[in-house]
Number of protein chains: 2
Amino acid sequence: MPIHDPSWSAYAHAVLEDAGHRRGGARDEVIDLLAAQPCAVSAHDIEGALRQRGRPIGRASIYRALDTLAEHGLVKRLDLGRSEACYEPARSDGHHHHHVVCEMCGTLTAFDDPDLEDAIDRLGDRLGMRIDDHDVLLRGVCRNCGGPGPR
Amino acid sequence: MPIHDPSWSAYAHAVLEDAGHRRGGARDEVIDLLAAQPCAVSAHDIEGALRQRGRPIGRASIYRALDTLAEHGLVKRLDLGRSEACYEPARSDGHHHHHVVCEMCGTLTAFDDPDLEDAIDRLGDRLGMRIDDHDVLLRGVCRNCGGPGPR
DNA sequence: GCAAGACTAAGACTCAGTCTCATTACGCCC
DNA sequence: GGGCGTAATGAGACTGAGTCTTAGTCTTGC
């Protein structure tokens, strides 16, 4: 999981420009912040982080930026069963992952698993549907909170 | 998918009684309504349906009833990416299923898949976590809306 | 530099879900 | 059956995430 992904932010800017979007300070800040996230963040996290950076951005602008990004497949919206949605950059190589939430401490961990992806791919045929997208969310207990050890 | 599942409602009543809960009209109505649902319904659906039945129930009571049921593992709460959560009875035999949402018409379809369950079971070991629960949500296009045919 | 219109900020608004508290009624004891 | 303790209920105020509106600002093409 990259801590900062300048390639994603450059890619995002390029896609938006191609789509005829002008640049705007608020959206650029959101893209910048997202590129620096190790995992998913909520709109309110973004609002708070930008305020801390001394660049307070209107809430509507944040949601608008996230909408625009999601529209172009640049961010992925996640419902983690909390009251608020979380957002994370979607890499341009199509690679994607899923999440485990620790029910004790709330930690969010990303993982990927080819078997799982295969099983889901096969499902489209079985169900007679075109499957465009899927979410998988696991809930459990992490090592720190008493999950199985030793490592 | 049973249209009405009297065994679930009886089971739910029994579990709640064992847990020391008294019976109450509001919760009984919610249990009754849930038992009759083919798939997940939202709290507002429940509120509306009970009002239509001429048995209007306070919103707080509905959420309280759903909370109590979820606490005892009798209903499952689903986030379908809509603004509101949905709830469905959890069968006592531990059998569970997942959902596909059609992005065109919004239809919710249930399915189960042993391969998928196996893949998820194996993940706990791989991740070194105890996995207690999981949600899978597929998004796609159903047959009626132009998904793959022929039937 | 200018104009068009895309972008932004502030905050009012909506709506799902929670909380409070007065009232009702279940279930046990006598 | 009547009384009592307490869980369950209902009404509606409240909270907080997300949306909408509107006036103003900034980009960009000319």
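Residues numbered from 1 in each chain as written. Chains lettered and ligands numbered in written order. Predicted model: local features only at pLDDT ≥ 70, side-chain atom pairs only at ≥ 80, totals over all residues. Heavy atoms only, no water.

**A word on the interface of chain A and chain B**
Applicable threshold: By definition, residues are in contact when any of their heavy atoms lie within 4.5 Å. Put simply, a salt bridge is a Lys or Arg side-chain nitrogen that is within 4 Å of an Asp or Glu carboxyl oxygen. Contacts described as polar in this section are N or O atom pairs within 3.5 Å, which, within protein, must combine one atom able to donate a hydrogen with one able to accept it, while residues neighboring in sequence count only if both atoms come from side chains. The helix and strand labels rest on DSSP assignments: H or I over at least four residues marks a helix, E over at least two residues marks a strand, and numbering proceeds from the N terminus. In the scheme used here, Gly and all other residues not listed as nonpolar or charged are polar, with Ala, Val, Leu, Ile, Met, Phe, Trp, Tyr, Cys and Pro taken as nonpolar and Asp, Glu, Lys and Arg as charged.
On the side of chain B, 34 residues touch chain A, which itself brings 35 residues to the contact. A salt bridge links Asp-135 of chain B to Arg-139 of chain A, with the shortest nitrogen-to-oxygen separation between them at 2.8 Å. Linking chain A with chain B are 17 residue pairs in polar contact (both at pLDDT 80 or more), by the criterion used here. Here the element with the most residues in the side of chain A that touches chain B is strand 6 (residues 130-141) of chain A; it accounts for twelve residues. Tallied by class, the residues present in the side of chain A that touches chain B amount to 16 nonpolar, four polar and 15 charged.

**As for the pattern of salt bridges**
Working definition: two side chains of opposite charge can pair if their charged atoms are close together. Residue and element names in this part refer to chain A. Using the following cut-off: A simple rule labels every residue: compare its accessible area, found with a 1.4 Å probe on the protein chains alone, to the largest value its type can have, and call it buried under 20%, exposed over 50%, or partly exposed in between.
Taken as a whole and assessed by the stated rule, the structure comprises 25 salt bridges over all chains. A salt bridge links Arg-53 to Asp-32; the nearest nitrogen and oxygen atoms lie 3.9 Å apart. Of this pair, Arg-53 sits in the loop between helix 3 (43-52) and helix 4 (59-71) while Asp-32 is found in helix 2 (residues 25-35), placing the two residues 21 residues apart along the sequence. Judged by its relative accessible area of 41%, Arg-53 falls in the partly exposed class. Classification of Asp-32 by relative accessible area gives partly exposed; the value is 35%. Here Lys-76 ties to Asp-135 by a salt bridge, and the two come within 3.0 Å at their closest N and O atoms. Of the two residues, Lys-76 is situated in strand 2 (residues 75-79) and Asp-135 in strand 6; the sequence distance between them amounts to 59 residues. Judged on exposure class, the residue Lys-76 and its partner Asp-135 are both buried. The network of salt bridges with common partners includes Glu-29, Asp-32, Arg-53 and Arg-55.

**A closer look at the relation of the copies chain A and chain B**
Selection criterion: Superposing the copies works by least squares over the C-alpha atoms of residues that have pLDDT at least 70 in both of them.
Relative to chain B, chain A is turned by 180° and slid 0.0 Å along the rotation axis, the superposed coordinates differing by an RMSD of 0.0 Å. Within this description, the copies of the chain are treated as partners about a two-fold rotation axis. Ranked by how close their C-alpha atoms come to the rotation axis, the residues of chain A are headed by Val-136 of chain A, at 2.3 Å. An overlap of 97% is found between the interface residues of chain A and their copies at the interface of chain B, pointing to a shared contact surface.

**Overview of the packing of helix 2 (residues 25-35) of chain B against helix 3 (residues 43-52) of chain B**
Geometrically, a packed helix pair is captured by the angle between its two axes and the distance between the axes. Residue and element names in this part refer to chain B. As a reminder of what qualifies: Between N-to-C directions, angles cover 0 to 180 degrees, with each direction set by a line fitted to C-alpha atoms, over the stretch in contact for helices. An angle below 35 degrees is read as roughly parallel, one above 145 as roughly antiparallel, one from 65 to 115 as roughly perpendicular, and any other as oblique.
Running from amino to carboxyl end, helix 2 crosses helix 3 at an angle of 105°, the nearest separation of the two axes being 11 Å. On the basis of their axis angle, the class for helix 2 and helix 3 is roughly perpendicular. Facing Glu-29, Val-30, Leu-33 and Leu-34 of helix 2, the residues of helix 3 in contact are Ile-46, Ala-49 and Leu-50. Here the residues of the contact of helix 2 with helix 3 are counted per class, giving six nonpolar, no polar and one charged.

**Focus: the nonpolar core**
Generally speaking, a soluble globular protein has its nonpolar side chains buried in company with each other. The cut-off we apply is this: Only buried residues count toward a nonpolar core. Its members are Ala, Val, Leu, Ile, Met, Phe, Trp, Tyr and Cys residues joined through side-chain atoms within 4.5 Å.
In this structure, Phe-111, Leu-116 and Leu-138 of chain A together with Phe-111, Leu-116 and Leu-138 of chain B are the most contacted members of the largest nonpolar core, which totals 24 residues. For this core, the elements supplying multiple residues, two or more each, are strand 4 (98-102), helix 5 (114-127) and strand 6 of chain A together with strand 4 (98-102), helix 5 (114-127) and strand 6 (130-141) of chain B. Excluding anything up to four places from it in sequence, Leu-138 of chain B contacts Ile-120, Leu-123, Leu-127, Ile-131, Asp-133 and His-134 of chain A together with His-99, Val-100, Val-101 and Phe-111 of chain B.

**Let's talk about the protein's contact with DNA strand C**
Rules: A molecule or strand has a residue near it when one of that residue's heavy atoms lies within 4 Å.
Neighbouring DNA strand C are 22 residues, the closest being Ser-61 and Arg-64 of chain A together with Arg-22, Tyr-63 and Ala-85 of chain B. Considering DNA strand C, the proportion of its atoms within 4 Å of the protein that are sugar or phosphate atoms stands at 63%. At the level of secondary structure, the elements contributing two or more residues to the surface near DNA strand C comprise helix 2 and helix 4 of chain A together with helix 4 (59-71) of chain B. Looking at the surface near DNA strand C residue by residue, the classes come out as seven nonpolar, seven polar and eight charged.

**Quick look at the sheet that holds strand 1 (residues 41-42) of chain B**
Residue and element names in this part refer to chain B. Our working rule: Any two strands with at least two DSSP bridges between them are considered paired.
Taken together, the three strands give an open sheet; going across it, the order is 1-3-2, and neighbouring strands pair in antiparallel fashion. Both edges of this open sheet fall to strand 1 and strand 2 (75-78), since each of them pairs with a single strand only. Judged from the two bridges that link them, strand 1 and strand 3 (residues 86-89) form a sheet pairing that is antiparallel. Looking across to strand 3, one finds that Val-41 is bridged to Tyr-87.

**Here we look at the protein's contact with DNA strand D**
In the vicinity of DNA strand D there are 21 residues, among which Arg-22, Tyr-63 and Ala-85 of chain A together with Arg-22 and Arg-27 of chain B approach most closely. In DNA strand D, atoms within 4 Å of the protein come 61% from sugar and phosphate. Taking Arg-59 of chain A, its side chain carries an N or O atom lying 3.1 Å from a base nitrogen of DNA strand D. One nitrogen or oxygen atom from the side chain of Arg-22 of chain B is found 2.7 Å from a base nitrogen belonging to DNA strand D. Listed by contribution, the elements that provide at least two residues to the surface near DNA strand D are helix 4 of chain A together with helix 2 and helix 4 of chain B. In terms of residue class, the surface near DNA strand D is made up of six nonpolar, seven polar and eight charged.

These results come straight from atomic positions and should not be treated as a statement about function.
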